[in-house]
Amino acid sequence: MSQRETWATRVGFILAAVGSAVGLGNLWQFPFKTATNGGAAFVAFYLIAVLLIGFPAMLAEFVLGRRTQRNAVDAFARLGHRSWRIVGALAVFTGFWILSYYNVVGGWVMRYILGSVTGAYFDNPAGYFGSVSAGPEAVIAQAAFLAIVVAIVAFGIEDGIERATKVMVPSIIVLMVALAIWVATLPGAAEGYAFFLSPDLDAMIANAGTIIPFAVGQAFFTLSLGMAIMITYSSYVGRDDNLIFDGGSVVITNTIVGVLAGLVVFPILLTIGADITSDTGGAGALFVATAAGFGSVPFGRLFGVVFFGVVLIAALSSAISLLEVTVSYANDNLNISRPALSVGIGVGLFLLGVPSALDTAWLAWFDTLAYQVFLPLSVLLLVIFVGWVIGKEALEELLSGAEDFRTFGVVWLWTIRFVVVLAVLLTLALGINETFLVEDAAFFDPF
Ligand code: PFF
């Protein structure tokens, strides 16, 4: 087998991981989940979940990947626990599942860029969403998005992913800051900030049961956990890197972009007087409402292009990380070239995504299942493995390149052993309850 690839630079790894983390999860799901789950109360739970559960879980994935320098499935075998490969397989499967409908939404975003250039959605934002979100056109758009993803991954770690994300991530941040400054001048800005940033404590307590699973699920999704991405990316990292620093950089940057997304979206929505909780009551509605916003403010076309342009870049830099998971697994095990694997796996993804492209109800169902079941389950099993099965070895790996962080490391180990495991169990139970058992469980039917 040929020499395994590595990142050319440490910054390259961090940027690629940030590129993975910053995606539709931040720019699309985070605002609409915030809107439908009580505004700032959700934001507060989400931030706690990111810090207390997401960050430690991310380090667990980093440790596993770097220790073994293998793909997410074979990593377990390399550590002498062959039967645990099923957990890696679940993570890879979860990623594949998510990417199948993520590509569809990526396709919608491409259509919205075009629609911003031509002004096609200005007169009838809801009608436009209906026409681009489902049906043969959505299938074509999905294929176009996927083709770009496949092309980047085909070039490999250094020449493909690292090179692409080095340009993409800084552009996302600069453009989001520019957009945030622009929307600050809109008349609905103050109201938008208030909705997003001032939590109502009573509402938080009253709705904790429903909000927590969403907040934790969102934390996993936004940090690209439970889908084998961070295991895979860190398997190309050298022993002397400080994983704690790298993980911290990813978490902080990702959170900043999420917050920026809220600071951009809510002022726009309140400027056009959208009834946030119902008008954004879902994935599609958020597209409709933001598009309506661009249709009615000065320079709307330009800002529409920039906004959906940023969303596209973010979606691409995430999707490549997820395609890389499966390509890496296949590349480690088969004697087939990377470009051929990328194309082959891309075709499989396309086929799995077709139902979601034809019917948004499928997409919502795929998303719900991923959020409420696959992601938490996969994270749960991963942290049990890292915390309980290889605990000491995991700690040693975390401290390689971070020798001065022993106390942090010990706290981390106990956090993943107890706090993360319990929190994820709770999330999983509440999520399954909400999704399958509660009557009227169609609360997540966003379309
Ligand atoms: N962290 C990514 C996001 O927030 O969009 C999660 C992700 C989803 C990564 C889908 C990759 C992907 F294909």
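Only a predicted model underlies this, so the values are computations on that prediction, with no experimental measurement involved.

This next bit is on the side chain of Ser 249. Checked against the element boundaries, Ser 249 lands in helix α13 (residues 243–271). In this structure Ser 249 comes out as buried when scored by relative accessible area, which is 17%. Residues within four places of Ser 249 in sequence aside, it is in contact with Ile 14 and Val 18.

So, about the pattern of salt bridges. If you walk through the whole model with that rule in mind, you get twelve salt bridges. One salt bridge in this structure joins Arg 163 and Asp 159, with 3.7 Å as the shortest N-O distance. Here the residue Arg 163 and the residue Asp 159 both occupy positions in helix α8 (residues 157–183), the gap between them amounting to four residues, near one helical turn. By relative accessible area, which is 56% here, Arg 163 ends up exposed. The residue Glu 324 makes a salt bridge to Arg 338 at a minimum N-O spacing of 2.8 Å. Of this pair, Glu 324 sits in helix α16 (residues 300–333) while Arg 338 sits in helix α17 (residues 338–358), and the two are 14 residues apart along the sequence. Among the residues examined, Glu 324 registers a relative accessible area of 0% and is labelled buried.

On to the confidence of the model for the protein chain, then. In low-pLDDT segments, the atomic positions of the prediction should not be examined closely. Confidence in the prediction of the protein chain, expressed as mean pLDDT, is 91, and 95% of residues score 70 or more. Confidence drops under pLDDT 50 across residues 440–447; counting only partners more than four residues distant or on other chains, this segment forms 23 contacts.

What follows is about the packing of helix α9 (residues 189–197) against α13. α13 packs onto α9 with a crossing angle of 130° between their chain directions and a minimal axis gap of 7 Å. By the angle between their axes, α9 is oblique relative to α13. At the point where α9 passes α13, the crossing takes the right-handed sense. Residues Ala 189, Glu 191, Gly 192, Tyr 193, Phe 195, Phe 196 and Leu 197 of α9 form the contact with α13, whose own contacting residues are Gly 258, Val 259, Gly 262, Leu 263, Phe 266, Pro 267, Leu 270 and Thr 271. Residue composition of the contact of α9 with α13, by class: ten nonpolar, four polar and one charged.

Turning our attention to the site of the ligand. The full set close to the ligand counts 17 residues, and Ala 21, Tyr 102, Phe 221, Ser 224 and Leu 322 are the nearest of them. Within the backbone of Ala 21, a nitrogen or oxygen atom sits 2.8 Å from a nitrogen atom of the ligand. A distance of 3.0 Å separates a nitrogen atom of the ligand from a polar atom in the backbone of Thr 222. For the ligand, whose free accessible area comes to 330 Å², the fraction covered by protein is 100%. Those elements that place two or more of their residues in the shell around the ligand are α1 (10–21), α2 (24–36), α5 (85–118), α11 (208–222) and α16. Partitioning the shell around the ligand into residue classes produces ten nonpolar, seven polar and no charged.

The next point concerns a nonpolar patch on the surface. Where nonpolar side chains cluster on the molecular surface, the patch consists of Ile 48, Leu 51, Leu 52, Trp 388, Val 389, Val 410, Trp 414, Phe 418, Val 419, Leu 422 and Leu 425 and spans about 1000 Å² of accessible area. Mapped onto the nonpolar patch, the elements with two or more residues apiece are α3 (40–68), α18 (360–389) and α20 (406–437). With six residues, the top contributor of residues to the nonpolar patch is α20. Locating Ile 48 in the fold gives a position in helix α3. The partly exposed category is assigned to Ile 48, whose relative accessible area is 47%.

Looking now at the environment of Phe 436. Mapped onto the secondary structure, Phe 436 falls in helix α20. Linking Phe 436 and Gln 372, residues 64 residues apart in sequence, is a C-alpha distance of 9.9 Å. Discounting chain neighbours no more than four positions away, the residues touching Phe 436 are Leu 369 and Val 373.

Turning our eyes to something else, we now look at the packing of α16 against α17. Where α16 meets α17, the closest approach of the two axes is 10 Å, and the angle between their N-to-C directions is 125°. Comparing their axes, α17 and α16 come out oblique. Taken as a pair, α16 and α17 cross one another with a handedness that is right-handed. Touching Leu 323, Glu 324, Thr 326, Val 327, Ala 330 and Asn 331 of α16 are Arg 338, Leu 341, Ser 342, Ile 345 and Leu 349, all from α17. Across the contact of α16 with α17, the residue classes break down as six nonpolar, three polar and two charged.

Mapped onto the secondary structure, Glu 434 falls in helix α20. Sequence-wise, Glu 434 and Val 63 are 371 residues apart; in three dimensions their C-alpha atoms are separated by 33 Å.

Core analysis: the biggest nonpolar cluster contains 162 residues, and Leu 64 and Trp 412 have the highest contact counts within it. Setting aside its immediate chain neighbours within four residues, Trp 412 contacts Pro 56, Leu 59, Ala 60, Val 63, Val 386, Ala 394, Leu 395 and Leu 398.

Inspection of the secondary structure puts Tyr 112 in helix α5. For Tyr 112, a relative accessible area of 0% puts it in the buried group. In sequence terms Tyr 112 and Leu 380 are 268 residues apart; their C-alpha atoms lie 37 Å from each other. If sequence neighbours within four positions are ignored, Tyr 112 has contacts with Tyr 121, Pro 125, Tyr 128, Phe 129, Val 132, Phe 287, Ala 291 and Phe 308.

Calculation rules
- Residues numbered from 1 in each chain as written.
- Predicted model: local features only at pLDDT ≥ 70, side-chain atom pairs only at ≥ 80, totals over all residues.
- Heavy atoms only, no water.
- Helix = DSSP H or I, 4+ residues; strand = E, 2+ residues; numbered from the N terminus.
- Buried < 20%, exposed > 50% of the residue type's maximum accessible area, 1.4 Å probe, protein only.
- Contact = heavy atoms within 4.5 Å.
- Salt bridge = Lys/Arg side-chain N within 4 Å of Asp/Glu carboxyl O.
- pLDDT = per-residue confidence, 0-100.
- Axes fitted to C-alpha atoms, helices over the stretch in contact; angles between N-to-C directions.
- Parallel < 35°, antiparallel > 145°, perpendicular 65-115°, else oblique.
- Left-handed = near helix turned anticlockwise from the far one by under 90°.
- Nonpolar A, V, L, I, M, F, W, Y, C, P; charged D, E, K, R; others polar.
- Near = heavy atom within 4 Å.
- Polar contact = N/O pair within 3.5 Å; in protein donor to acceptor, adjacent residues only side chain to side chain.
- Areas by Shrake-Rupley, 256 points an atom, 1.4 Å probe, with all protein chains shown as cover.
- Patch = residues over 30% accessible without salt bridge, like charges linked within 9 Å, V, L, I, M, F, W, Y side chains within 5 Å.
- Core = buried A, V, L, I, M, F, W, Y, C linked by side-chain atoms within 4.5 Å.

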